[in-house]
Amino acid sequence: MTEILLLLAGLLGGAVNSLAGGGSFIVFPALLFAGVPPVLANASNTYAALPGYVSGAAGYWKSVAPYKDRLVVYGLIAAVFGYIGAELLLVVSDEQFSKVVPWLMAFAVLSFIFGNRINATLRARGGGRSGMKLLGTVLILSLLAAVSVYGGFFNAGLGILLLAFLAMAGMSDMHAMNGLKLFISSTIALVAVVRFIFNGSIDWYHGSIALVGVTTGGYVAARLARYIPTQWIRISVIVYGIAMTLYFFWTAYGAQG
């Protein structure tokens, strides 16, 4: 039953990632329910998500090509600070991480709920050359560094935060933004997974079952996307994310009270 649960969670999580984003809200809790310790579950979730990031980035390459001058800078920042985030994850205990998870989940869910509105506002106020002058290149790249640390530490909600960063960087082409988002996510996940491998922090058995599900679900959903109302998926993810956040708050704090 554990294997079936993880495979189904991976299939659903991969499909949700393709249709609306937020698949980690499904896969990460499933790994916890399968008995994987919190830190290993988080690392294994990043491992399971990596192939989807890479294939998605490749699929958006034509849209990203006009912005390829940004790839080196964004990639270096993502790699360095994504590694720092992964390193931070490895120095916390399972008990400490269990206390942090509810707050990370709440932050990720709120980012998911209000992400589109935030991105639209930032594109309207910060787009173009004047926006870059106003905010400053240093501030923009500092934001990417902070988001990369978050992504190396906790994968859920990373995509929404990266879209907000790209909007602040003056971008408005959603196809290019999605491509760069996936490129940066791939870089963060890759360095994090390599660090987790050297530390022995990936549950290969359970993580690989989730990986197969995520990859398959993402591919199938991409082929069937036009038949599935994205808004329904998005609402379901929000409801599920809120429920899981409340559950994690209860297990971390309420159950001890």
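Because the structure is a prediction, the values reported are computed rather than measured.

A closer look at the side chain of K181
Here's step 1: Mapping K181 onto the fold places it in helix α10 (residues 174-199).
Here's step 2: K181 gets classed as buried once you look at its relative accessible area, which sits at 16%.
Here's step 3: For K181, the side chain forms a polar contact with the side chain of N178, separated by 3.3 Å.

Considerations on the side chain of N178
Here's step 1: Checked against the element boundaries, N178 lands in helix α10.
Here's step 2: On the basis of relative accessible area, N178 is assigned to the buried category, the value being 17%.
Here's step 3: In contact with N178, other than residues within four places in its own chain, are Y60 and L163.

Here's the deal with the packing of helix α8 (residues 137-153) against α10
Here's step 1: Between α8 and α10, the shortest axis-to-axis distance is 9 Å and the interhelical angle comes to 45°. As the angle between them shows, α8 and α10 are arranged oblique. Relative to α10, α8 is oriented so that their crossing is right-handed. Of α10, the residues touching α8 (which contributes L144, S148, G151 and G152) are I184, I188, A192 and F196.

Notes on the packing of helix α5 (residues 71-90) against α10
Here's step 1: Two numbers describe how α5 lies on α10: the axes approach to 8 Å, and their chain directions differ by 40°. Judged by the inter-axis angle, α5 sits oblique to α10. Considering how the two elements wind past one another, α5 and α10 form a crossing that is right-handed. Along its contact with α5, which presents L71, Y74, G75, A78, A79, G82, Y83, A86, E87, L89 and L90, the element α10 presents L180, F183, I184, T187, I188, V191, A192, R195, F196 and N199.
Here's step 2: Split into classes, the residues belonging to the contact of α5 with α10 amount to 15 nonpolar, four polar and two charged.

A word on the confidence of the model for the chain
Do not read the fine detail of predicted coordinates wherever pLDDT is low.
Here's step 1: The share of residues in the chain with pLDDT of 70 or more is 87%, and the mean pLDDT across the chain is 84.
Here's step 2: The weakest mean pLDDT in the chain belongs to helix α7 (residues 128-135) at 48; the strongest belongs to α5 at 96.
Here's step 3: A low-confidence stretch, residues 128-132 stays under pLDDT 50, and its non-local contacts, those more than four residues away or across chains, total seven contacts.

Considering a nonpolar patch on the surface
Here's step 1: A cluster of nonpolar side chains, contributed by V80, Y83, I84, L88 and V91, occupies part of the molecular surface with about 440 Å² of accessible area.
Here's step 2: Among the structural elements, I84 can be located in helix α5.
Here's step 3: Looking at I84, the relative accessible area reads 36%, which means it is partly exposed.

Describing the nonpolar core
Here's step 1: One finds F25, F28, F97, F154, I184 and F196 to be the most contacted residues of the largest nonpolar core, which totals 74 residues.
Here's step 2: Here this core gets ten residues from one element, more than from any other, and that element is α10.
Here's step 3: When sequence neighbours within four positions are dropped, the list of residues in contact with F196 reads A43, T46, A86, L89, L90, G152, S201 and I202.

Observations regarding the environment of R195
Here's step 1: Here R195 lies in helix α10.
Here's step 2: Using a relative accessible area of 17% as the deciding quantity, one classes R195 as buried.
Here's step 3: Considering only alpha carbons, one finds R195 and G152, 43 residues apart in sequence, at a separation of 9.9 Å.
Here's step 4: Aside from chain neighbours lying at most four places away, what touches R195 is Y83, A86, E87 and L90.

Some words on the packing of aromatic side chains
Here's step 1: Under the criterion given, the structure shown has 13 aromatic pairs.
Here's step 2: Their ring planes at 75° and their centres at 5.0 Å tell us that Y47 and W204 sit as a pair that is edge-to-face. Here W204 lies in helix α11 (residues 204-224) and Y47 lies in helix α3 (residues 38-59), a separation of 157 residues in the sequence.
Here's step 3: Classification of Y47 by relative accessible area gives buried; the value is 14%.
Here's step 4: With 4.9 Å between their ring centres and 85° between their planes, W103 and F249 make a pair best called edge-to-face. Taken together, the residues W103 in helix α6 (residues 94-126) and F249 in helix α12 (residues 230-252) connect sequence positions 146 residues apart.
Here's step 5: With a relative accessible area of 53%, W103 lands in the exposed category.
Here's step 6: On the basis of relative accessibility, which here comes to 22%, the residue F249 falls in the partly exposed class.

Some points on the pattern of salt bridges
Here's step 1: Under the definition given, this model contains one salt bridge.
Here's step 2: Among the salt bridges present, the one from E87 reaches R195, with a minimum N-O distance of 2.7 Å. Linking E87 in helix α5 with R195 in helix α10, this pair joins segments that are 108 residues apart in sequence.

Conventions and cut-offs
Residues numbered from 1 in each chain as written. Predicted model: local features only at pLDDT ≥ 70, side-chain atom pairs only at ≥ 80, totals over all residues. Heavy atoms only, no water. Helix = DSSP H or I, 4+ residues; strand = E, 2+ residues; numbered from the N terminus. Buried < 20%, exposed > 50% of the residue type's maximum accessible area, 1.4 Å probe, protein only. Polar contact = N/O pair within 3.5 Å; in protein donor to acceptor, adjacent residues only side chain to side chain. Contact = heavy atoms within 4.5 Å. Axes fitted to C-alpha atoms, helices over the stretch in contact; angles between N-to-C directions. Parallel < 35°, antiparallel > 145°, perpendicular 65-115°, else oblique. Left-handed = near helix turned anticlockwise from the far one by under 90°. Nonpolar A, V, L, I, M, F, W, Y, C, P; charged D, E, K, R; others polar. pLDDT = per-residue confidence, 0-100. Patch = residues over 30% accessible without salt bridge, like charges linked within 9 Å, V, L, I, M, F, W, Y side chains within 5 Å. Areas by Shrake-Rupley, 256 points an atom, 1.4 Å probe, with all protein chains shown as cover. Salt bridge = Lys/Arg side-chain N within 4 Å of Asp/Glu carboxyl O. Core = buried A, V, L, I, M, F, W, Y, C linked by side-chain atoms within 4.5 Å. Phe/Tyr/Trp six-rings, centres within 6.5 Å; stacked < 30°, edge-to-face > 60°.

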